[in-house]
Protein chains: 4
Amino acid sequence: MSAASGNVPPGRPGPDLADTGRVAAFSDGVFAIVITLLVLDLRVPDFHEGDLAESLVDEAPSFLAFIVSFIYIGVLWLNHHAVLRLVRGSTLALGWINLAILFGVVVIPFPTAVLAAALTDGDRDDQRVAVVMYSVAAALMSAPWLVFFAYLRRHPALHGDHVDREQVRAQEARPITGLVLYGLAGLLGWFVNPVLGLIGIVVMIVYHGVTSEGIRPGLLHRPRIRHQD
Amino acid sequence: MSAASGNVPPGRPGPDLADTGRVAAFSDGVFAIVITLLVLDLRVPDFHEGDLAESLVDEAPSFLAFIVSFIYIGVLWLNHHAVLRLVRGSTLALGWINLAILFGVVVIPFPTAVLAAALTDGDRDDQRVAVVMYSVAAALMSAPWLVFFAYLRRHPALHGDHVDREQVRAQEARPITGLVLYGLAGLLGWFVNPVLGLIGIVVMIVYHGVTSEGIRPGLLHRPRIRHQD
Amino acid sequence: MSAASGNVPPGRPGPDLADTGRVAAFSDGVFAIVITLLVLDLRVPDFHEGDLAESLVDEAPSFLAFIVSFIYIGVLWLNHHAVLRLVRGSTLALGWINLAILFGVVVIPFPTAVLAAALTDGDRDDQRVAVVMYSVAAALMSAPWLVFFAYLRRHPALHGDHVDREQVRAQEARPITGLVLYGLAGLLGWFVNPVLGLIGIVVMIVYHGVTSEGIRPGLLHRPRIRHQD
Amino acid sequence: MSAASGNVPPGRPGPDLADTGRVAAFSDGVFAIVITLLVLDLRVPDFHEGDLAESLVDEAPSFLAFIVSFIYIGVLWLNHHAVLRLVRGSTLALGWINLAILFGVVVIPFPTAVLAAALTDGDRDDQRVAVVMYSVAAALMSAPWLVFFAYLRRHPALHGDHVDREQVRAQEARPITGLVLYGLAGLLGWFVNPVLGLIGIVVMIVYHGVTSEGIRPGLLHRPRIRHQD
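Residues numbered from 1 in each chain as written. Chains lettered and ligands numbered in written order. Predicted model: local features only at pLDDT ≥ 70, side-chain atom pairs only at ≥ 80, totals over all residues. Heavy atoms only, no water.

**Q** What should I look at first to understand the overall build of chain A in this one?
**A** Secondary structure assignment for chain A yields 10 helices and 0 strands. Along chain A, helices and strands appear, N-terminal first, in the series α-α-α-α-α-α-α-α-α-α. Expressed as a percentage of its 229 residues, the buried residues of chain A come to 55%. Counting only contacts in chain A whose residues sit at least 6 apart along the sequence, the fraction spanning at least 24 positions is 76%. (Helix = DSSP H or I, 4+ residues; strand = E, 2+ residues; numbered from the N terminus. Buried < 20%, exposed > 50% of the residue type's maximum accessible area, 1.4 Å probe, protein only. Contact = heavy atoms within 4.5 Å.)

Shown next as structure tokens:
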């Protein structure tokens, strides 16, 4: 900790730093709206009398897309929540980086819808286009997270209490993995097989879900809460 | 209270625990959007000059569905609000459980719309399908609440001040009742009569509304506020 | 102040009371969504090349309705904001009353749209129906505010610091005025002339806007902030 | 600081002042919804099998409009965030001024859509109309910010800690620049060339983005955070 930041009461941003409260509130609003708007794509199917069950079964892909998207955005929120706990206050640069992160979140329903349309109505060429588009969107989403961790590593005065530099440095591995592997999934989808690319994307979403726990050792991962049975 | 949690200032989460603030803010956003989007289904009916009153009367079922849905989501918010007061801080596991609870909230307008469509345009088979679908959705919504209380019972360090284990244990009865009775309502609707199943569902919504008070004895139920007349 | 509430640190709710934070956050979300969704009704008009200006002028009533609705919901938010400052904590009863208030807020775009449709496409009978519908909705909106103040008057332990009983009692005049005068506006619109009823409604909105300042003397109305020129 | 405000603990509003928390929460909600609703205008294009790529390329103007609008509203949020940090508490007047600022934010998607429609489907006259409409909307948006700073300059008791009068006075230059230059852009667009007017508008958005950093010297601009390499 620098002398300058030593004068700041722990847990409270000083005059140089804005509270992260509004960054969190604005982000929570965006996440909440994106995750709720997904349900608007679930529509009661037109059905002939007595055929409701069949019509609903035809809608199964929409339900599946809804569930996957809900989980994906939920995972992104959990990550955002964990990451903001690493910082003690916000600067203008963090505000811009956060806007870039939210851009990636807000945009994700669109390539998802394009992918669904290509799988339903498109040919192999369309599917290649859609898989590449999804990969580019997902890789773009990794970029601001990388910038965030790099910025945070270089500004230790922004670190929250109980956060050390090693912890911050370790986080950078994750968006780099995202950038590289989403890129590979896109190349696979374009040059080899769109379905292979798609599998790569699903693997990456699962990876992000699993490591949403992994990225905060000592904070949430191993809570020293004792079972009292 | 364990020794570990005894070191934590009362009412404040320690380094192991995240503040529940963002969990609440994100959830409030989701509830607010779901409850507000309901009004989008209220549309000014097309009408011939002089026939506005009759056209509005024809829309009465939509108004009724709007009011019931508003109350239902309102009850869910009151429950969520009361339940989050039982915990002192959030963990990753609670974050996931909360996402599952919100999934149930976000999804509920869809089976409601299917039910309304089946009652208006469907035959008895469609109504059986719709009632079963609604029952399954409602039972699914009970499941994460049960997980929540079971998790909380096993982690007393997460309990808020003024919360004892008996109080937490008592809460588990409610989602279990929900799981069992919504399931029975679905079976009734499928094998006996869809209208009977529907009545069972309405009874359950009323039950949840009534017990939204019952689940927090000593917290909100019997406030020791004296009337001063 | 009762002995029970005297044990509670000022400004903080005790174990019997929930913090008003989540009530405010949930309500803010609902207000924010309702006020923002209004703009969705502003649509770029279809126009022939060179006729954009005329097409926009034809949309003027929509713009006017948008502005009036924005101001109306803004006034309701200012009132809600001021009123929540009167209380120190929330109870389950206040939670239900707040839901009823929000119901009135969420519903208001619908009678507004019916009124606009009746004025554009309806005859005199349709306008009578629309004016009465709007009056009933506005009167219904006054009812939970009245319940709120009556409840608050009978529970002094809920009063915030710097709030005395006279101040709370004085607030009841406002929703009573709303109930009576919106009712009169409805009767005027039905039995005399829909346009007269409409004027009565506009007068009431202006009244609510003006008294949104009047209802909190000593709190915000006459801030003892000195000009330093 | 006046004697009256000297009695108030630093950073906390006194009895005369409302906390800015709800003003921020309500505003954050509005910003979050406006910025998220933009993505609703991105639609999967209808495409013939094998033509997805071409159909997506045809949608490029929509993507560009989405990105520009996202950045614009993001800049407005950053400004709002910075500006609210200048004040220690909220008054009714600030509540009204904030509503006027939010009105400008909520409205902006509409002239943007009109402009896009005029550029795609209109002739030169339509474009002149659209450019003037956008300029007027942008100039109107500057007005409440000017009122805000003028009000704040005259009420030093509202100033947050670490905020001096010179800092507040310096902020007024920005909305005045906005009013004058958006006005000039409108005149350019009407009397000379709509494209020139459009360029003027884009320059102004860039100006607002760049000076969103400039308006808070000493607060966020030059954080005394030391690099520790």
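**Q** How should I be thinking about the nonpolar core in this particular structure?
**A** One broad rule of soluble globular proteins: the nonpolar side chains tend to lie buried together. Phe26(A), Phe26(B), Phe26(C), Tyr72(C) and Phe26(D) are the most contacted members of the largest nonpolar core, which totals 252 residues. In this structure Phe26(C) touches Asp28(B), Phe31(B), Ala32(B), Ile35(B), Trp77(B), Leu99(C) and Leu102(C), once residues within four positions along its chain are discounted. (Core = buried A, V, L, I, M, F, W, Y, C linked by side-chain atoms within 4.5 Å.)

**Q** Is there a simple way to explain the packing of aromatic side chains in this structure?
**A** Each aromatic ring pair is described using two quantities: the centre-to-centre distance and the angle formed by the ring planes. Using the criterion set out here, one finds 16 aromatic pairs over all chains in the structure. Both rings, one in Trp77(A) and one in Phe26(B), keep their centres 4.5 Å apart while their planes meet at 15 degrees; by these two values the pair is stacked. Residue Trp77(A) is found in helix H4 (residues 60-84), and its partner Phe26(B) is found in helix H2 (residues 21-37); the two belong to separate chains. Ring geometry for Phe70(C) versus Phe103(D): centroids 4.9 Å apart, planes at 85 degrees, classification edge-to-face. Placement of the pair is Phe70(C) in helix H4 (residues 60-84) and Phe103(D) in helix H5 (residues 92-107), with the two residues belonging to separate chains. (Phe/Tyr/Trp six-rings, centres within 6.5 Å; stacked < 30°, edge-to-face > 60°.)

**Q** I'm lost on the side chain of Thr91(A) in this one. Help?
**A** Residue and element names in this part refer to chain A. Among the secondary structure elements, threonine 91 is positioned in the loop between H4 and helix H5 (92-107). Threonine 91 gets classed as buried once you look at its relative accessible area, which sits at 3%. Looking at threonine 91, its side chain comes within polar contact range of the side chain of tyrosine 151, at 2.9 Å. (Polar contact = N/O pair within 3.5 Å; in protein donor to acceptor, adjacent residues only side chain to side chain.)

**Q** Please clarify how the pattern of salt bridges should be interpreted in this entry.
**A** Oppositely charged side chains may form a pair once their charged atoms are brought near each other. Scanning all chains against the criterion turns up 12 salt bridges over all chains. When the shortest N-O distance is used, the salt bridge between Glu172(A) and Arg153(A) registers 2.6 Å. Here Glu172(A) is found in the loop between helix H8 (165-171) and helix H9 (173-192), whereas its partner Arg153(A) is found in helix H7 (residues 124-154), with 19 residues between them in sequence. Residue Arg22(C) is joined to Asp28(B) by a salt bridge in which the shortest nitrogen-to-oxygen separation is 2.7 Å. One end of the pair, Arg22(C), is in helix H2 (residues 21-37); the other, Asp28(B), is in helix H2, on a second chain. A relative accessible area of 10% places Arg22(C) in the buried class. A residue is classified by how much of its surface remains accessible, and Asp28(B), at 2% relative accessible area, is buried. (Salt bridge = Lys/Arg side-chain N within 4 Å of Asp/Glu carboxyl O.)

**Q** Before we go on, may I ask you to explain the environment of Val192(D) in this structure?
**A** All names here are of chain D. Mapped onto the elements of the fold, valine 192 is located in helix H9 (residues 173-192). For valine 192, a relative accessible area of 46% puts it in the partly exposed group. Distance from valine 192 to arginine 128, taken between C-alpha atoms, is 9.3 Å for residues 64 residues apart in sequence. Setting aside residues no more than four positions away along its own chain, valine 192 makes contact with Arg124 and Leu187.

**Q** Help me out: how do you make sense of helix H2 (residues 21-37) of chain D in this one?
**A** One full turn of an α-helix is made of 3.6 residues, so residues set three or four places apart face in the same direction. With 17 residues, H2(D) extends 24 Å from end C-alpha to end C-alpha; this agrees with the ideal 24 Å at 1.5 Å per step. Counted residue by residue, H2(D) has 15 buried out of 17 residues, so it is predominantly covered. (Expected span 1.5 Å × (residues − 1).)

**Q** Teacher, can you tell me more about the packing of H2(C) against H4(C) here?
**A** Two packed helices can be described by the angle between their axes and the distance between those axes. All names here are of chain C. Packing of H2 against H4 brings their axes to within 10 Å, and their N-to-C directions diverge by 175 degrees. Taken together, H2 and H4 sit at an angle that is classed as roughly antiparallel. Judged by residue contacts, Val23, Ala24, Ser27, Asp28, Phe31, Val34 and Ile35 of H2 engage Phe70, Ile73, Gly74, Leu76, Trp77, His80 and Leu84 from H4. (Axes fitted to C-alpha atoms, helices over the stretch in contact; angles between N-to-C directions. Parallel < 35°, antiparallel > 145°, perpendicular 65-115°, else oblique.)

**Q** What am I meant to see in the confidence of the model for chain A here?
**A** Low pLDDT marks regions whose predicted coordinates should not be analysed in detail. Residue and element names in this part refer to chain A. Of the residues in chain A, 84% reach a pLDDT of 70 or more, and the chain-wide mean stands at 77. The secondary-structure element of chain A with the lowest mean pLDDT is helix H1 (residues 3-6), recorded at 34, while H5 shows the highest, at 89. Low pLDDT, under 50, characterises residues 1-15; the predicted model gives this stretch 25 contacts beyond four residues in sequence or across chains. Ignoring residues within four places in sequence, the model shows residues 214-229, a span with pLDDT below 50, making 45 contacts including any to other chains. Scoring of the predicted complex yields 0.80 for pTM and 0.76 for ipTM. (pLDDT = per-residue confidence, 0-100.)

**Q** Help me out: how do you make sense of the packing of helix H7 (residues 124-154) of chain D against H9(D) in this one?
**A** Residue and element names in this part refer to chain D. Across the interface, H7 lies against H9 with an axial gap of 8 Å and an inter-helix angle of 170 degrees. The angle between H7 and H9 places the two elements in the roughly antiparallel class. For the pair H7 and H9, the contacting residues are Arg124, Arg128, Val129, Val131, Val132, Ser135, Ala138, Ala139, Ser142, Trp145, Leu146 and Phe149 in the first and Pro175, Ile176, Gly178, Leu179, Tyr182, Ala185, Gly186, Gly189, Trp190 and Val192 in the second. Residues that form the contact of H7 with H9 fall into these classes: 15 nonpolar, 5 polar and 2 charged. (Nonpolar A, V, L, I, M, F, W, Y, C, P; charged D, E, K, R; others polar.)

**Q** Would you mind showing me how to read the environment of Gly21(C) here?
**A** Structurally, the position occupied by Gly21(C) is in helix H2. Along the backbone, Gly21(C) and Gln127(C) are 106 residues apart, and their C-alpha atoms lie at a distance of 42 Å.

**Q** For this particular structure, what's the right way to read the environment of Leu179(D)?
**A** Residues and elements named next belong to chain D. Considering the arrangement of structural elements, one finds leucine 179 in helix H9. Leucine 179 gets classed as partly exposed once you look at its relative accessible area, which sits at 33%. With 39 residues separating them in the primary sequence, leucine 179 and leucine 140 have C-alpha atoms 7.5 Å apart. Among all residues touching leucine 179, those that are not within four sequence positions of it are Ala139, Ser142 and Leu146.

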